[in-house]
Amino acid sequence: MPVIQIDTSQYDEQLAEKEQRISQQFAQFNAPKLEVFASEAKNYRQRAEFRVWHEGEDLFHIMFDPETKEKIRVDQFDPAAPLICELMPRLLYLLKPNEILRRKLFQIDYLSTLSGQILVSLIYHKQLDDEWVNEANKLKALLKEEFDIDFIGRARKQKIVLGEEYVIEKLNVDNRELVYQQVENSFTQPNAKLNEQMLEWAIDVSKPLNNDLLELYCGNGNFSIALAPSFNRVLATEISKSSVKSAQFNIAENKINNLDIIRMSSEEFTMAMNGEKEFSRLNGIDLKSYNCQSILVDPPRAGLDKDTTDLVQGYDNIIYISCNPDTLERDLQQLTETHTIARFAIFDQFPYTHHIESGVFLTRK
């Protein structure tokens, strides 16, 4: 079974290829020179998920080659944050002799932070009982001597939390410490250092704007909390209940008093703004009181639907964060009918892959 290796000496070359590819793909829009934000060459991922392989008495992490589906043994994983790299062998060493904890264990997920906390999910093809809980608590107590760690056990229709089901991340953004609750199994930016740069870029493009901000797809408040001091008021929407709950926690922790988050999809919000439908979730929110001349969208890979793109065009200033260059290109075809690209950046969130995160700032023509 091959062992995974990453040649970090290739990093600059692969980033230059991404820069060239994006520059060529978007040349049609006459955008200004591309701003490029590089990642650390290794130890940049705060999240990692591995399948677990059992071979006699041995137990190890594996990944699958995306093309050949071949199993790849992972004894060390250079992309992972130092905390994950340090914990991986230590955790397996303690799991191997423990029949209760290792039996039918098929996946381990790690969620770590720059602030030093780590959350581990052990996922099983068996139901977890009191015996498992006792052994897992012993494991946690052993590792607590070395790590600020909590555990979650998962099985079919089962979730056992030993401690907290989240970590608290602390980011240094624009000379401020921002606190974010990040919940297991919810989306967070995996490359925390690049996330800091992305938030600072968004703050920088917002500096000349003196109005209110609307954000769609706000998640746990990643952008809206960082940007709140740059605007008079911020209104943000998110459909996921767990993300909205985390966002409310983060608003309180960061003492933000000019940000309201409502649980709605972008499609529902568009209907509300167009007066097509009333929503009880908007009770107490006077949409007409907002002077939102600016909008930030950070959509999923599918990009914006047509009605939301139409809505976005109604704002003078657009900050578009994209994880899919192809849907970004499609959406810019329409947005550049009314707006000009003032800034264009790429953030190498996912080194050594074809994936790229982009940021585009558009102003009305």
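Looking at an unreviewed UniProt entry, one finds the protein named tRNA/tmRNA (uracil-C(5))-methyltransferase, with Pseudoalteromonas spongiae as its source organism.

1. A word on the UniProt feature "active site" (unreviewed entry) in the protein
When the UniProt feature table is mapped to this numbering, "active site" (unreviewed entry) covers Cys323 and Glu357. For this annotated set, covering 35 residues, all C-alpha atoms fall within 4.6 Å of each other, a compact arrangement in space. Structurally, the position occupied by Cys323 is in the loop between strand S15 (317-322) and helix H10 (325-335). Contacts of Cys323, omitting those with residues within four sequence positions, involve Pro299, Pro300, Arg301, Ile356 and Glu357. Among the structural elements, Glu357 can be located in strand S17 (residues 357-364). Ignoring anything within four residues of it in the chain, the contact list for Glu357 reads Gln189, Met198, Asp298, Ile321, Ser322, Cys323, Ala345, Ile346, Phe347, Gln349 and Phe350.

2. Some points on the packing of aromatic side chains
By the definition in use, this model includes 10 aromatic pairs. Here Phe26 and Phe29 contribute two aromatic rings whose centre-to-centre distance is 6.0 Å and whose plane-to-plane angle is 35°, an arrangement assigned as tilted. Each member of the pair, Phe26 as well as Phe29, is classed as buried. Judged by centre distance (4.9 Å) and plane angle (20°), the ring pair of Phe37 and Phe347 falls under stacked. Pair noted here: Phe37 is in strand S1 (residues 35-37) and Phe347 is in strand S16 (residues 339-347), with a separation of 310 residues, a long-range link.

3. Regarding the sheet that holds strand S13 (residues 259-263)
With respect to topology, 8 strands assemble into an open sheet ordered S1-S16-S17-S15-S14-S11-S12-S13, the strand pairing being mixed. Taken across any chain shown, the strands that pair with only one partner, and hence form the sheet edges, are S1 and S13. With direction set aside, neighbouring strand axes in the sheet form an average angle of 15°. As judged from the 5 bridges shared by strand S11 (residues 212-216) and strand S14 (residues 292-297), these two strands associate in the parallel manner. Residue pairing for S14: Asp212 is matched across the bridge by Cys292. On the sheet, H10 packs against S15, S16 and S17 and is oriented at approximately 160° with respect to S15.

4. Some remarks on helix H4 (residues 130-144)
Between its first and last C-alpha atoms H4 spans 21 Å; for 15 residues at 1.5 Å apiece the expected length is 21 Å, and the two agree. Along H4, the residues that are buried comprise Trp132, Glu135, Ala136, Leu139, Lys140 and Leu143. Seen from one end, H4 has its buried residues packed into an arc of 145°, which puts them on one side. Those residues of H4 that are exposed and angled more than 90 degrees off the buried face are Asp130 and Lys138. Where H4 is buried, its residues meet helix H2 (82-95), helix H3 (99-102), strand S6 (117-124), strand S7 (148-155) and strand S8 (158-162). N-capping of H4 is provided by Asp129, with a side-chain oxygen placed 3.2 Å from the backbone N of Glu131.

What counts and how
- The written sequence of each chain sets the order in which its residues are numbered from 1.
- It should be noted that, the model being predicted, local features are given only for residues of pLDDT at least 70 and side-chain atom pairs only at 80 or more, the latter also being counted only at that level, while totals for whole chains, interfaces and linings use all residues.
- Remark: hydrogens and water are excluded; side-chain values derive from all non-hydrogen atoms of the structure.
- UniProt positions are given in the numbering used here, feature names are shortened, and annotations may be inferred rather than shown by experiment.
- In this description a helix means any DSSP run of H or I spanning at least four residues, a strand means any run of E spanning at least two, and both kinds are numbered starting from the N terminus.
- We call two residues in contact whenever any of their non-hydrogen atoms come within 4.5 Å of each other.
- Ring pairs shown here join Phe, Tyr and Trp side chains whose ring centres sit within 6.5 Å, with only the six-membered ring taken for Trp; geometry is labelled stacked below 30 degrees between planes, edge-to-face above 60, and tilted in between.
- Relative accessibility decides the category of a residue: with a 1.4 Å probe and only protein chains considered, values under 20% of the type maximum give buried, values over 50% give exposed, and everything between is partly exposed.
- Between any two strands, at least two bridges found by DSSP are needed for them to pair.
- A fitted line through C-alpha atoms represents every axis, and for helices the fit uses only the stretch in contact; the resulting angles, taken between N-to-C directions, go from 0 to 180 degrees.
- Expected span, for any helix, means 1.5 Å times one less than how many residues it has.
- Throughout, the arc means that of the directions going from the helix axis to the C-beta atoms.
- In the analysis that follows, any N or O atom pair within 3.5 Å is treated as a polar contact, provided that within protein one partner can donate a hydrogen and the other can accept it, and provided that, for residues neighboring in sequence, both atoms belong to side chains.

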